[in-house]
Amino acid sequence: MSNVFHRFARLVRHRWAELHLRKALPPTTLQELEHLIAKSELGHTGQVRICVEAGLPFSYIWRDATARQRAISLFGKLRVWDTEHNNGALIYLLLADHAIEIVADRALDRTMSAEQWQTLISDMQSAFQGGHFSVGLVAALERVSQQLQYHFPRKKEAIQDEVNLPDAPVVQHHLPGRNP
């Protein structure tokens with residue numbers, strides 16, 4: 001019985017968080033992030049996506065999935081893995097669980113130690129605890145972009161014939177009447 005209660009409580013917390021998503025990330029912040037992603041990708045061959053969910057979809061809550069499992073799933077669904085040099089990155093936030101995940105493709109992942117990735121996440125958590133979502137996301141985006149520019153620079157004369165994913169952050173809603 002406690003397992004069912006735990007799932008129900010988590011579902012309520014995740015749906016409640018949906019109501020506060022726009023406050024955490026207003027349209028101006030999303031536009032700023034889109035601009036910064038587009039600008040950063042002029043200097044490297046990688047792809048960076050930001051995905052924010054207030055809460056998990058019901059199916060993930062029911063099977064007690066983690067934020068990491070959801071981030072890995074979205075890494076595939078958003079085609080972040082589909083880069084020629086295996087150097088894509090997904091920065092994922094799950095507001096209801098106060099979870100931050102960074103999923104980096106093989107080649108990019110090797111450019112930083114596990115401790116360096118964890119420091120990046122810890123810095124984001126510090127900013128978020130103060131309610132500074134924009135500051136935390138911009139700082140994380142800048143650090144990931146620096147890694148990509150250093151290890152995977154775009155040659156000025158290179159013709160862009162590789163996959164170019166959308167730059168706009170993905171904001172997932174799971175309340176009725178919102179995007180799936």
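Here, every reference points to the structure presented above.
Bear in mind that the values here come from a model prediction, so they are computed numbers and not experimental data.

## Notes on the environment of leucine 25
Link 1 in the chain: Along the chain, leucine 25 falls in the loop between helix 2 (21-24) and helix 3 (27-40).
Link 2 in the chain: In this structure leucine 25 comes out as buried when scored by relative accessible area, which is 5%.
Link 3 in the chain: Taking the C-alpha atoms as reference, leucine 25 lies 9.6 Å from histidine 132; in sequence the two are 107 residues apart.
Link 4 in the chain: Not counting the four nearest positions on each side in its chain, leucine 25 is found in contact with Leu30, Val52, Phe133 and Leu137.

## Some thoughts on the sheet that holds strand 1 (residues 47-53)
Link 1 in the chain: An order of 3-2-1-4 is seen for the four strands of this open sheet, with the pairing classed as mixed. At either margin of the open sheet sits one strand with a lone partner, and together these are strand 3 (99-104) and strand 4 (170-172). Strand-to-strand twist of the sheet, defined as the mean angle between neighbouring strand axes without regard to direction, takes the value 15°.
Link 2 in the chain: Across six bridges, the pairing between strand 2 (residues 88-94) and strand 3 is antiparallel. Directly across from isoleucine 91, in strand 3, lies its bridge partner isoleucine 102.
Link 3 in the chain: Across the sheet, helix 5 (residues 67-77) lies against strand 1, strand 2, strand 3 and strand 4, angled at about 40° from strand 3, the strand it touches most.

## Comments concerning the nonpolar core
Link 1 in the chain: Judged by nonpolar contacts, the single largest core of 36 residues is most densely connected at Ile91, Leu108, Trp117, Met124, Phe128, Leu137 and Val144.
Link 2 in the chain: Looking at this core, the elements with two or more residues in it are helix 2, helix 3, strand 1, strand 2, strand 3, helix 6 (106-109), helix 7 (114-129) and helix 8 (133-151).
Link 3 in the chain: Excluding anything up to four places from it in sequence, leucine 108 contacts Asn86, Asn87, Gly88, Ala89, Trp117, Val144, Gln147, Leu148 and Phe152.
Link 4 in the chain: One finds Ala67, Val80, Leu90 and Tyr92 within the second-largest nonpolar core, a separate group that totals 19 residues.

The rules we used
- Numbering of residues begins from 1 in every chain and follows the order in which that chain's sequence is written.
- Predicted model: local features are reported for residues with pLDDT of at least 70 only, side-chain atom pairs are reported and counted for 80 or more only, and whole-chain, interface and lining totals are derived from all residues.
- Side-chain metrics in this entry use all non-hydrogen atoms of the structure; hydrogen atoms and water are not considered.
- Helix numbering and strand numbering both begin at the N terminus, where a helix is a DSSP run of H or I of at least 4 residues and a strand a DSSP run of E of at least 2.
- Whether a residue is buried, partly exposed or exposed follows from its accessible area with a 1.4 Å probe, protein chains only, as a fraction of its type maximum: under 20%, in between, or over 50%, in that order.
- The contact rule is simple, with two residues in contact once any of their heavy atoms fall within 4.5 Å.
- Should DSSP find at least two bridges between two strands, the strands are regarded as paired.
- In this analysis an axis means a line fitted to C-alpha atoms, helices contributing only their contacting stretch, and an angle means the value between N-to-C directions, from 0 to 180 degrees.
- Residues belong to a common nonpolar core when they are buried Ala, Val, Leu, Ile, Met, Phe, Trp, Tyr or Cys residues joined through side-chain atoms within 4.5 Å.

From the geometry alone we can't say anything about function, so treat these as descriptive.
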